[in-house]
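# Fold and contact review
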Amino acid sequence: MPQLHRDGPVWIIDFGADENRYSPDFLDQVEVFLDELVADREPAALVTTATGKFFSNGLDLAWVQAHPEQFLTYVHRVERLLARLLTLPVPTVAAINGHAFGAGALVALCHDYRLMRDDRGFFCLPEVDIRIPFSLGMSALVQSKLTPRSAVDAMTTGRRYGGADALAAGVVDAVHSEDELLPAAIALATSLAGKDRMTLGTIKERMFAHVTAPLLQGAAG
Amino acid sequence: MPQLHRDGPVWIIDFGADENRYSPDFLDQVEVFLDELVADREPAALVTTATGKFFSNGLDLAWVQAHPEQFLTYVHRVERLLARLLTLPVPTVAAINGHAFGAGALVALCHDYRLMRDDRGFFCLPEVDIRIPFSLGMSALVQSKLTPRSAVDAMTTGRRYGGADALAAGVVDAVHSEDELLPAAIALATSLAGKDRMTLGTIKERMFAHVTAPLLQGAAG
Amino acid sequence: MPQLHRDGPVWIIDFGADENRYSPDFLDQVEVFLDELVADREPAALVTTATGKFFSNGLDLAWVQAHPEQFLTYVHRVERLLARLLTLPVPTVAAINGHAFGAGALVALCHDYRLMRDDRGFFCLPEVDIRIPFSLGMSALVQSKLTPRSAVDAMTTGRRYGGADALAAGVVDAVHSEDELLPAAIALATSLAGKDRMTLGTIKERMFAHVTAPLLQGAAG
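Residues numbered from 1 in each chain as written. Chains lettered and ligands numbered in written order. Predicted model: local features only at pLDDT ≥ 70, side-chain atom pairs only at ≥ 80, totals over all residues. Heavy atoms only, no water.

## Some remarks on the relation of the copies chain C and chain A
Each of the two chain copies can be brought onto the other by rotation about an axis and movement along it. Defined as follows: A least-squares superposition brings the copies together, and it is based on the C-alpha atoms of residues with pLDDT no lower than 70 in both.
Once turned by 120° and shifted 0.0 Å along the axis, chain C lies on chain A with an RMSD of 0.0 Å. Such a combination of rotation and displacement between the chain copies is what one expects of a three-fold axis. Minimal C-alpha distance to the rotation axis in chain C is attained by Thr147 of chain C, lying at 4.0 Å.

This is how it looks when you write it as structure tokens:
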């Protein structure tokens, strides 16, 4: 389950040491942390990361299989989280310590910056191979963060990007060794902390209004 | 006239050995091939190419001059073809063997990937110089595939891109010698063949809904 | 105050030797020059530049403070100028001789091409730090010209780009020494002069319709 740490102005959410799939309990916990961060008035920035082999493997498909009638409601909840992260009124940095698959990769894309471990782990949108098309909002999200070339690659081929490939494709902004990943993310977040929250939030909301509208309207697929 | 070949899962449409302009007969033939490809249920991918000096010189202006009253209907037919290629439910690769001008360049842009011969032939959108502004749909198409910088270059200056320039500008994804162009395109298409058609089609439709909408609504210019 | 020079087909607007803020008188003068350029029928291209340390420091905040009740009207006037420059029916090149801040940077972004002095001066959108969120139109403008990565950098961090950084980020297209900046801009503009005005104007209007619509509708912030 996610845990919250603080390092000066930087709020660090560690998604956990497992596959870190987005179960309802997981989402509850992350939302509580974000509520706390948003209610706070001090200079702040957010780093998300995890421990071990996975950043996040995305949707909790086991839970979905056990609750098929709640599938659309569940996906829409994840979409609302994506919209919230995308427009969070503080700077955000994802420290991708391991595999970021599916909705886990989408969460990474919501951040202002993405740093990735250089030796292990893949960023991957496997939707085309697992036969779950992106919703309109998820599609708009990926396209709002990647170049046209990288969006087609990532979305239509299910390509797995290691650190070097992700950097070359502009999927992430820098790569670091395992030891240096989190310190680099914290240093970047610290350097950005302190922006006026209302201003930054409004800037992001306007930049990504064409993404949050379909995300908040609900899963099309 | 276009011809269809098969190489394993790869459907290869060869536009011909002439200027390969989009006469109504040409469009009829391409549409028949696409109908056949779409009706098929086997793993597949599409490669388009041509033989000789031209990939395609685009609109059949001689036919248009002979049928001026059908101009808008004709352009709209081409726009519907662009929309269909852009969202075709199989992976698509253009092997640009020679000049791709005007609507010929637009067809190339509809593909998921573009490979280009490295020593001869130009990719060019001459619309600004021949005084035919892009329709809203064609404009959206170019902008959906190129970076902002390359879109302004290509659309407002009529710049002719040779292979190396096209690669540097992100207009194509790779360049090859004349002999290696088609084999490289077939190899890439083979590696991508087999995606679930409904999933891939839906992914592309959602990615490019803002392009197909004006294309299908009809030529604005 | 802005001055107009002519060099063959190239119209050169020099914004002045001061901070070149957009006072109402400044805007009057620029609009008169643009009216003249648009009314002319000869082949033409536009270069904007300035003399000394500043390209433009943007909004005239002293005037705004003296006329707070006219703030929205004033900002909307600047937005209309941005829309006009963005879709001007001749090729446009900004020769960024010095600091381009805030609305000064937005004006630079409206041009088809941006050249920048390589040794001094910054391109900067300080809005996030001075707590003035971009209007919807201004936001769309920046995003229409920069890559997703550079747009987030420029808009959410207030980063100051020197020439080399601006080139690397795609914010400008080339850098030159102080002496070679204006000649290079004039040479580029000369090479592009002579496009059919109606065609080029229509092409730009359609490319940027999603930007001019919110700019002309009025400042949201």
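The discussion continues.
## Examining the environment of Pro133 of chain C
Applicable threshold: In this description a helix means any DSSP run of H or I spanning at least four residues, a strand means any run of E spanning at least two, and both kinds are numbered starting from the N terminus. Any two residues whose heavy atoms approach within 4.5 Å are treated as being in contact.
Relative to the helices and strands, Pro133 of chain C is located in the loop between α5 (127-130) and α6 (136-145). The spatial distance from the C-alpha of Pro133 of chain C to the C-alpha of Leu82 of chain C is 17 Å, given a sequence separation of 51 residues. Those residues in contact with Pro133 of chain C, other than ones at most four positions away along the chain, are Thr199, Thr202, Ile203 and Arg206 of chain A.

## Description of the interface of chain C and chain A
Worth spelling out the cut-off: As a working definition, buried area equals the accessible area (1.4 Å probe) given up by two parts on being put together, with both sides summed. Take a side-chain nitrogen of Lys or Arg and a carboxyl oxygen of Asp or Glu: if they are within 4 Å of each other, that pair is a salt bridge. Residue type decides the class: Asp, Glu, Lys and Arg count as charged, Ala, Val, Leu, Ile, Met, Phe, Trp, Tyr, Cys and Pro as nonpolar, and the leftover types, Gly among them, as polar.
With 21 residues of chain C in contact, the opposing surface of chain A contributes 18 residues. For the pair chain C and chain A, the summed buried surface comes to about 1,700 Å²; carbon and sulfur atoms form 62% of the total. Contact with chain A buries area across many residues of chain C, yet Pro148, Arg149 and Thr156 of chain C alone supply 29% of it, more than any other trio. Joining chain C to chain A, the criterion identifies 3 salt bridges. Across the pair Arg149 of chain C and Asp173 of chain A runs a salt bridge, and its minimum N-O distance is 2.8 Å. In terms of residues, the side of chain C that touches chain A owes the most to one element, helix α7 (residues 148-157) of chain C, which gives 8 residues. Residues of the side of chain C that touches chain A, tallied by class, amount to 10 nonpolar, 6 polar and 5 charged.

## Quick word on the pattern of salt bridges
Operational definition: We call a residue buried when its accessible area falls under 20% of the maximum for its residue type, exposed when it is over 50%, and partly exposed in between, using a 1.4 Å probe and counting protein chains only.
Inspection of every chain in the model, using the stated rule, returns 42 salt bridges over all chains. Across the salt bridge formed by Lys204 of chain B and Asp112 of chain B, the nearest N and O atoms sit 2.9 Å from each other. With Lys204 of chain B in helix α10 (residues 197-207) and Asp112 of chain B in the loop between α4 (103-110) and β7 (113-117), the pair connects residues that are 92 residues apart, well separated along the chain. Under the relative-accessibility criterion, Lys204 of chain B is labelled buried at 0%. Where Lys195 of chain C meets Asp129 of chain B, a salt bridge forms, and the shortest distance between an N and an O atom there is 2.8 Å. Of this pair, Lys195 of chain C sits in the loop between α9 (178-192) and α10 (197-207) while Asp129 of chain B sits in helix α5 (residues 127-130), on two different chains. The class for Lys195 of chain C is buried, based on a relative accessible area of 16%. Accessibility expressed as a relative area gives 42% for Asp129 of chain B, which makes it partly exposed. Through salt bridges with shared partners, one network takes in Arg149, Asp153, Arg159 and Asp165 of chain A together with Asp173 of chain B.

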